[in-house]
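# Survey of secondary and tertiary structure
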Amino acid sequence: MASNKNALIRYKTIDYCLRNKFKKWTLDDLIEACSDALYEYEGKDVNVSKRTIQLDIQLMRSDKLGYNAPIEVYNRRFYKYSDKDYSIMNIPVTDNDVKIMNDAIQLLRQFKDFSLFKEMDGVLQRLEDSVYSSQKDKKSIIHLDKNEQLKGLEFIDPLYNAIQQKKVLKIRYQSFKAHNASDMIVHPQLLKEFNNRWFLLCLNKRKYYTLALDRIIEASIEENIEYVDNNVDGDTYYKDVIGATVSNSRPQRIQFWIEKKNAPYVITKPFHKSQRVIKYTDDGVIFNIFVQINFELERKILGFGELIEVLKPGKFRNRILGKLHQATANYK
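Residues numbered from 1 in each chain as written. Predicted model: local features only at pLDDT ≥ 70, side-chain atom pairs only at ≥ 80, totals over all residues. Heavy atoms only, no water.

## Let's talk about unusual backbone geometry
Defined as follows: A run of H or I in DSSP becomes a helix once it reaches four residues, and a run of E becomes a strand once it reaches two; helices and strands are each numbered from the N terminus.
Cis geometry marks the peptide bond from lysine 312 to proline 313; its omega dihedral reads -5°. As for its placement among the helices and strands, proline 313 is situated in the loop between strand 12 (308-312) and helix 10 (314-329). Unlike most non-glycine residues, asparagine 75 shows phi in positive territory, near 55°. With respect to the element layout, asparagine 75 can be found in the loop between strand 2 (71-74) and strand 3 (78-81).

Spelled out as structure tokens, the structure:
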């Protein structure tokens, strides 16, 4: 898996280089660019050999991966695409590919009435749209929010497999607050997604930690340590929180007011499943939620700016007020 991942990073890097027409690319330049890319993604020095890049170029030129990349050598030392508009990212999906994907989608649709697949319908709709838009002269009907710069997604598969196979992991991790990375021996329990970021819930010395995947530098399996499975149920563990941060503090009843014009937005998209409408006022709506106070709750409330007012509890109201005072001070 790691070898395949490194190869894909090299192909994308070579493609990126050859699409840059403002530089003449020698084989040594491509080697250096691939080495830098692997260091950026993997966090360690990888010695990319001349032979490796030559084989990569040969493979990209071939039909084996479907690239048929028009890579040519000029002046006996420089590499470029003979087609200035070519990119391996623009490879069209063939009619046979579309047929196979459509068949797979229809097969999955047969299971949509089972409880296990009750949330699959939206996924299938997005898949159908992706297949539809991949065909020539057809545009996408659904636009999804994407962040091409998001880091850490390459760890989803190995972390998922470790949880499924009950494997202990050694993770090199560096939080935003830490000056240096450190190693942790963890027992992975759950993968959690929130607000376009992924997190790993894991055990370390019998204590739960939530690690952001974009702060993980390296992860490897520790075969000689017995795995501890706490049978964590995500619905139960995250029942009283907004986001991915569980403080293990007692949930509190948070009461807040939302300005009248924006109240329908909060009604149709609740802050939390515990949300209830308490009262309609002349200028807005008062809501209650029953949650732990954490960073994500604060961020959500502060994001509404002048359209929200925390009413209860008083201690949390003052905490938000203090942050707003600090925010206004930044503009003075």
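## Examining the pattern of salt bridges
Put simply, the test is: Every case where a carboxyl oxygen of Asp or Glu lies within 4 Å of a side-chain nitrogen of Lys or Arg is listed as a salt bridge. Burial status follows relative accessibility: with a 1.4 Å probe on protein chains alone, a residue under 20% of its type maximum counts as buried, one over 50% as exposed, and anything between as partly exposed.
This model, assessed by the stated rule, comprises 13 salt bridges. A salt bridge links aspartate 240 to lysine 239; the shortest N-O distance between them is 3.2 Å. You can call aspartate 240 buried: its relative accessible area is 17%. In this structure, a network of salt bridges that share partners links the residues Lys170, Arg172 and Asp183.

## Focus on the packing of helix 9 (residues 295-303) against helix 10
Quick reminder of the rule: Only the contacting stretch of a helix is used when fitting its axis, a line to C-alpha atoms as for every element, and angles between N-to-C directions run 0 to 180 degrees. Just so you know how the angles are binned, under 35 degrees is roughly parallel, over 145 roughly antiparallel, 65 to 115 roughly perpendicular, and the rest oblique. In this scheme the crossing of two helices becomes right-handed for a clockwise turn of the near helix relative to the far one and left-handed for an anticlockwise turn of less than a right angle. In this analysis, two residues are considered to be in contact whenever any of their non-hydrogen atoms come within 4.5 Å of each other. Each residue gets one of three labels, nonpolar for Ala, Val, Leu, Ile, Met, Phe, Trp, Tyr, Cys and Pro, charged for Asp, Glu, Lys and Arg, and polar for the others, Gly among them.
Packing of helix 9 against helix 10 leaves a shortest axis separation of 11 Å and a crossing angle of 60°. Looking at the two axes, helix 9 sits oblique to helix 10. As helix 9 packs across helix 10, the resulting crossing turns out to be right-handed. Seen from helix 9, the contacting residues are Leu297, Glu298, Ile301 and Leu302; seen from helix 10, they are Phe316, Arg319, Ile320, Lys323 and Leu324. Here the contact of helix 9 with helix 10 is built from residues that sort into 6 nonpolar, no polar and 3 charged.

## As for the pairing of strand 9 (residues 252-259)
Formally: Two strands qualify as a pair provided that DSSP identifies no fewer than 2 bridges between them.
Pairing analysis gives 8 bridges linking strand 9 to strand 11 (residues 284-291), with the strands arranged antiparallel. Residue pairing across strands places glutamate 259 opposite glycine 284, the latter belonging to strand 11. Sheet topology note: the strand 9/strand 12 ladder contains 4 bridges and is antiparallel. By the bridge assignment for strand 12, tryptophan 257 is matched with glutamate 309.

## Let's talk about the sheet that holds strand 11
In space, the 4 strands of this open sheet follow the order 10-11-9-12, with antiparallel pairing throughout. Each end of this open sheet is capped by a strand with a single partner; those strands are strand 10 (276-281) and strand 12. Along the sheet, successive strands turn relative to each other by an average axial angle of 25°, direction set aside. Pairing of strand 10 with strand 11, which is carried by 5 bridges, proceeds in the antiparallel orientation. Following the sheet pairing, tyrosine 280 is matched in strand 11 by valine 285. Where helix 10 meets the sheet, it contacts strand 9 and strand 12, and its direction lies at approximately 150° from that of strand 12.

## Considerations on the nonpolar core
Inclusion rule: Only buried residues count toward a nonpolar core. Its members are Ala, Val, Leu, Ile, Met, Phe, Trp, Tyr and Cys residues joined through side-chain atoms within 4.5 Å.
The biggest cluster of nonpolar side chains holds 25 residues, and the ones touching the most others in it are Leu18, Leu30, Ile53, Ile57, Met60, Ile71 and Tyr81. Take this core: its biggest share by element is 7 residues, from helix 2 (residues 27-42). In terms of nonpolar packing, the next biggest core, distinct from the first, is built from 19 residues, Ile242, Ile254, Phe271 and Ile320 among them.

## Considering a nonpolar patch on the surface
Convention followed: Like charges within 9 Å and nonpolar side chains (Val, Leu, Ile, Met, Phe, Trp, Tyr) within 5 Å are joined into patches, using only residues over 30% in relative accessible area that form no salt bridge. Exposure was quantified through the Shrake-Rupley algorithm and a 1.4 Å probe, taking into account, for residues, occlusion by the shown protein chains and nothing else.
Taken together, Ile267, Val277 and Tyr280 make up a surface patch of nonpolar side chains, about 290 Å² in accessible area. With respect to the helices and strands, isoleucine 267 occurs in helix 8 (residues 263-268).

## Overview of the packing of helix 2 against helix 3 (residues 50-61)
Following both chains from N to C, one finds helix 2 and helix 3 inclined at 100°, their axes separated by 10 Å at the closest point. Classified by the interaxial angle, the pair formed by helix 2 and helix 3 is roughly perpendicular. The segment helix 2 lies against helix 3, with Leu27, Leu30, Ile31 and Cys34 engaging Lys50, Ile53, Gln54 and Ile57.

## Quick look at the sheet that holds strand 7 (residues 207-212)
Here we have 5 strands laid out as an open sheet, ordered 7-6-5-4-8, and antiparallel in their pairing. Of all the strands in the sheet, the pair left with one neighbour each is strand 7 and strand 8 (216-222). The mean angle between the axes of side-by-side strands here comes to 45°, regardless of whether they run parallel or antiparallel. Across 6 bridges, the pairing between strand 4 (residues 168-173) and strand 8 is antiparallel. Residue pairing across strands places isoleucine 171 opposite alanine 219, the latter belonging to strand 8. Each of strand 4, strand 5 (182-194), strand 6 (197-204) and strand 8 is contacted by helix 6 (residues 156-165), which is oriented at about 100° to strand 5, the strand it contacts most.

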